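This is what each chain is made of:
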There are 2 protein chains.
Amino acid sequence: MTFFRSRWVDPPPGVQELDAAELAPGFRAGGVACGLRGDGATDLALLACDADHVASAMVLTSNAAAGAPVRVCRERCDLTSLAGAVVNSGNANAATGEVGYHDALAMRDAAAAALDLEPPRVAIAQTGVIGFPLDLDAVRNGITAAAGRLSPRGAGELADAILTTDRGRKACTVRADGVTISAQAKGAGMMQPNFATLLCFVQTDGRVDDPQAELRPGVADSFERITVDGQQSTNDAVLLQASGAAERPLPAGLLDAVLLQLALEVVADGEGASRIARVEAREAADEAEAEAVARAIANSPLVKASLYGRDPNWGRIAQATGMALAGEDLGELGGDAIDASGLGSGEPEADIVIRLGRGDASAQVYFSDLTPDYVKLNSEYTT
Amino acid sequence: MTFFRSRWVDPPPGVQELDAAELAPGFRAGGVACGLRGDGATDLALLACDADHVASAMVLTSNAAAGAPVRVCRERCDLTSLAGAVVNSGNANAATGEVGYHDALAMRDAAAAALDLEPPRVAIAQTGVIGFPLDLDAVRNGITAAAGRLSPRGAGELADAILTTDRGRKACTVRADGVTISAQAKGAGMMQPNFATLLCFVQTDGRVDDPQAELRPGVADSFERITVDGQQSTNDAVLLQASGAAERPLPAGLLDAVLLQLALEVVADGEGASRIARVEAREAADEAEAEAVARAIANSPLVKASLYGRDPNWGRIAQATGMALAGEDLGELGGDAIDASGLGSGEPEADIVIRLGRGDASAQVYFSDLTPDYVKLNSEYTT
């Protein structure tokens, strides 16, 4: 198992790992360098499903300053039957006003024409610098070129086209019970020169009757349970497409395992990160309370610095917990309610547990450490 | 003016700055090194007002894991008539369970005996490491010694006794319209080896009929509007005592100016801080929205890193704003609504303004930058 390598992920039994360049049957992709990134790297890709009927779902950022591609998806796409997608890195097309919106729409329409699909059946996702106008000529040329490269083995090009300052490609192709899932993601750590975005594309030949019902809880337990620096992007998007060609349902737990492993790779690749941790808040009064406590601990720069410094500092965990529950009284919360030994360990995946003694709800959040490199990466002069 | 030096603070006209070692008339203080700090520095002090009737108010942390001294003040003191106080650094006596509570009570009672006051009229405040038992013998000896040093010029010893890793003493004595205010504070930046606390003591000979009504809004606009790392301490406490001996009310704006200048010194002395900024969210739908946006920007590690790196990165301000208003739609929020030029300036006090175009409420928050030193200070192994 080279993909499913975290001890926090439980893939279903009998799962096979295939070449991550291979898309799930029925899907094709192609990527090119069209010049949006300054370094000549692959920065634009097309993705298409050949099936007549595609069941899809898309989870988009709730950030109130959502970027143009997110707004186009929300307002101009049929998110339940997306057959194709166009994506670029190098420019997030966020905070670009009306012009940016029209550029995103034009890009989406150009992709739909190249893929021979109705425009509402094509999604758009963008990542990179914000506040800069999109080079639409480069995008159009890129779309034409990428359409000529569409291939069932194009997942690698798609995975490459979405990277920004990620340290490496994040992708997998896995099979169980005769159903294949391929997926490509990029990191969420906010980045120089502006900030980056979480993107994830998932393709399957499984039969998915209610894609939203499959995707939403999986995202809630994975990408929505990670934090690098507590910042939410303007452009986050996760797309699930199912062709149904395998004529079998998704194996139980496979999609969740794929999403969680990819989410953990995103955390591990957070800016400057050297270690990751899972914090579990147990015995909370209800789930909202458990989540609030786990998030407060995961986002505490003090706890994150302790994770970096291998300091089993349970006092910082007590303090963050008390802050999450401000106005309440935790009374005798002492060191015996907190297992912070994972902070002090040398393990790349550290466990932290806090028992609140207030009920039986629990929640988990995954986070990266705060390192001098994070500050260095984010403080360099850029504009 | 050496105390009122921030351009964001407006002291009333005609204010005089006196020697900060001098307490407001009618107050005495004394401090000693009793051994709670390993370095032999002053670490325990007593404060007393000689007036028969003292009007007081105390603002305490809302952290649900409040330390023992906070719990003793809440449960065992008459916060409206506090004549005396005992304070130590070196040990916060937080997360110390029942034993810690009884130690805090014993310390408070010993101070009351030394000051010849009823115990409920004596406040206690503690700061330093958490989760360690208090050396009550050292404390008792310190109280006896400090009682022998009580002096009208003891404000410096009191100011010294509360410092932890602060870079210097934070205190003032100011006079206007025949009324004197003296005040001593310590920093809120979370610190090695565990975390520190905001403490502030304010004495005046002014007549204050409703101390809570004077103190609460002043704290809300100062200490509650600053952030070093978004973390709330278990031990924060602000105490106002008024003897009324001057037989005049507080000059309008003087207490607020003292609290804000001290709060800004706390921010400027935040861990590793090299610059501070004020972010003002304008044109919000209501005050809660304005405050949420200003806090999200002030707590964003990306914005804080930009402040350090002198990067006028307005995209990060747009992103933090959108996160604060998640689920809403800011539509065309572009660079023209955001003045981030202060981030790029070389000034020690930078201004940031965002106009939301949603109403006429506004709010301000003050914050420090995120520097490599912050990470270094907080990641060293300590337990």
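Anything mentioned here points back to the structure above.
From a predicted model like this one, the values you see are computed outputs, not experimental measurements.

Concerning the packing of helix H7 (residues 287–299) of chain B against helix H9 (residues 314–324) of chain B
Residue and element names in this part refer to chain B. Interhelical geometry of H7 versus H9 gives an angle of 130° and a closest axis separation of 8 Å. If you check the angle between H7 and H9, you find them oblique. Of the two possible hands of crossing, H7 and H9 adopt the one that is right-handed. The segment H7 lies against H9, with Ala292, Val293, Ala296 and Ile297 engaging Ile317, Ala320, Thr321, Met323 and Ala324. Looking at side-chain class alone, the contact of H7 with H9 contains eight nonpolar, one polar and no charged residues.

Focus on the interface of chain A and chain B
If you look at the interface, chain A gives 58 residues, while chain B gives 57 residues. Looking at the side of chain A that touches chain B, the elements with two or more residues in it are helix H2 (97–115), helix H8 (301–309), helix H9 (314–324) and helix H11 (372–379) of chain A. Among the elements that take part in the side of chain A that touches chain B, H9 of chain A stands out by supplying eight residues, more than any other. Within the side of chain A that touches chain B, the residues separate by chemical class into 23 nonpolar, 25 polar and ten charged.

Concerning the relation of the copies chain A and chain B
Once turned by 180° and shifted 0.0 Å along the axis, chain A lies on chain B with an RMSD of 0.0 Å. What the superposition gives is, in effect, a two-fold axis relating one chain to the other. Among all residues of chain A, the one whose C-alpha sits closest to the rotation axis is Pro372 of chain A, at a distance of 2.6 Å.

Focus on unusual backbone geometry
Here Asn93 of chain A, not a glycine, exhibits a phi torsion of approximately 50°, which is positive. As for its position among the elements, Asn93 of chain A is in the loop between strand S5 (84–88) and H2.

Conventions and cut-offs
- Residues numbered from 1 in each chain as written.
- Chains lettered and ligands numbered in written order.
- Predicted model: local features only at pLDDT ≥ 70, side-chain atom pairs only at ≥ 80, totals over all residues.
- Axes fitted to C-alpha atoms, helices over the stretch in contact; angles between N-to-C directions.
- Helix = DSSP H or I, 4+ residues; strand = E, 2+ residues; numbered from the N terminus.
- Parallel < 35°, antiparallel > 145°, perpendicular 65-115°, else oblique.
- Left-handed = near helix turned anticlockwise from the far one by under 90°.
- Contact = placed C-beta atoms within 7 Å.
- Nonpolar A, V, L, I, M, F, W, Y, C, P; charged D, E, K, R; others polar.
- Least-squares fit on C-alpha atoms with pLDDT ≥ 70 in both.

Scope: geometric values only; no functional claims are made or implied.
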